[in-house]
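Residue-level listing of the chains:
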Amino acid sequence: MTDTQFSRRAFGGSVLALAAITASRAGAAEFDPTPFQTIGPFYPVQRLAEEDADLTWIKGHKKRAEGHVIQVTGRVLDRFGHPVSGARLEIWQCNSLGRYAHPNDSAANPLDPDFQGFASIRTGARGEWRITTIKPAAYDSPIGRRTPHIHFDVRSRHQRLITQMYFSDDDASNSKDALYRDLGGSAERAVAGLGAPGHYGWDIVLMDDGR
């Protein structure tokens, strides 16, 4: 599959994005923002030298990260459906065995020296963003078993949103996750939809873009 084919499927298949554009032109509806969630205990204060959008390759390494490679694409929008260009996204997650590259993670599972685990990227002119990463594993924690998820810290000119992205194909484990359940009716806005195998789409809606 080419990048062009994937891009059309990911962005064209995003119901939220298309609805937001239509509504904003009509000057009508507003959209509920993506829900806030805790930053968690493993925000990567100490980072690798690389922070690019491909978390599966580290420059100079001979191996790709272990695990199932996925791509996640989406856009950052304001509540009226306007794209937010130039927003910064910091993205971090555990590896394919459920271990974070953080000194406070006491999990017995090993680190993956070939997994970047963190990215710092900006949205394009249409608010678009894209990462290549590894599908994170579920893991045990003091609050119970965490379902697979990816952490996001999104900053526009005057807005900041810390949240977590879940996966639509993990419905069973999502429903047992304490933090996911706490989202209540807003939980669906934190879930990335699966398109083609290994390709997920998720739009992030901020309260405002600071215009």
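Chemist: Residues and numbers for the overall build of the chain, please.
Modeler: What the chain contains, in helices and strands, is four helices and 11 strands. A total of 211 residues make up the chain; the buried ones form 48% of that total. In the chain, the proportion of contacts linking residues at least 24 apart, taken out of those at least 6 apart, comes to 74%. Approximately 10600 Å² of the chain is accessible, and the part contributed by carbon and sulfur atoms is 53%.

Chemist: Break down the pairing of strand 4 (residues 128–134) for me, citing the residues and quoting the values.
Modeler: Counted residue by residue, strand 4 has five buried out of seven residues, so it is predominantly covered. Here seven bridges tie strand 1 (residues 69–77) to strand 4, and the two strands are oriented antiparallel to one another. Bridge pairing in strand 4 links Gln71 to Thr132.

Chemist: Residue-level account of the nonpolar core, with values.
Modeler: Formed by 26 residues in total, the largest nonpolar core has its most connected members in Val76, Leu89, Trp129, Phe152 and Ile204. When contributions to this core are tallied by element, the ones reaching two or more residues are strand 1, strand 2 (88–92), strand 3 (118–122), strand 4, strand 7 (150–155) and strand 8 (160–167). The residues touching Ile204, leaving out its near neighbours within four places in the chain, are Thr34, Arg75, Val76, Leu77, Leu89, Trp129, Phe152, Val154 and Leu161.

Chemist: Just give me the short version of the side chain of Thr34, but keep the residues and values in it.
Modeler: Inspection of the secondary structure assignment puts Thr34 in the loop between helix 2 (15–26) and strand 1. Within polar-contact distance, the side chain of Thr34 engages the backbone nitrogen of Val205 at 2.8 Å. Contact partners of Thr34, with chain neighbours within four places excluded, come to Leu161, Thr163, Arg189, Trp202, Asp203, Ile204 and Val205.

Chemist: Can you break down the environment of Ala138 residue by residue, with the values?
Modeler: Relative to the elements of secondary structure, Ala138 occurs in the loop between strand 4 and strand 5 (139–141). With relative accessibility at 22%, the residue Ala138 sits in the partly exposed group. Sequence-wise, Ala138 and Asp170 are 32 residues apart; in three dimensions their C-alpha atoms are separated by 9.9 Å.

Chemist: Summarise the confidence of the model for the chain; cite the residues concerned and give the values.
Modeler: Here the chain averages 88 in pLDDT, and 85% of its residues register 70 or above. Residue range residues 1–28 is modelled with pLDDT below 50. Its contacts to residues more than four positions away, or to other chains, number 37 contacts.

Chemist: Quick one: what's the story with the pattern of salt bridges, residue by residue and with numbers?
Modeler: As enumerated under the stated definition, the model contains nine salt bridges in all. The salt bridge involving Lys63 is made with Glu66; its shortest N-O contact spans 3.3 Å. The exposure class assigned to Lys63 is partly exposed, which follows from its relative accessible area of 46%. You can call Glu66 partly exposed: its relative accessible area is 43%.

So, how was this worked out
Residues numbered from 1 in each chain as written. Predicted model: local features only at pLDDT ≥ 70, side-chain atom pairs only at ≥ 80, totals over all residues. Heavy atoms only, no water. Helix = DSSP H or I, 4+ residues; strand = E, 2+ residues; numbered from the N terminus. Buried < 20%, exposed > 50% of the residue type's maximum accessible area, 1.4 Å probe, protein only. Contact = heavy atoms within 4.5 Å. Areas by Shrake-Rupley, 256 points an atom, 1.4 Å probe, with all protein chains shown as cover. Pairing = 2+ DSSP bridges. Core = buried A, V, L, I, M, F, W, Y, C linked by side-chain atoms within 4.5 Å. Polar contact = N/O pair within 3.5 Å; in protein donor to acceptor, adjacent residues only side chain to side chain. pLDDT = per-residue confidence, 0-100. Salt bridge = Lys/Arg side-chain N within 4 Å of Asp/Glu carboxyl O.

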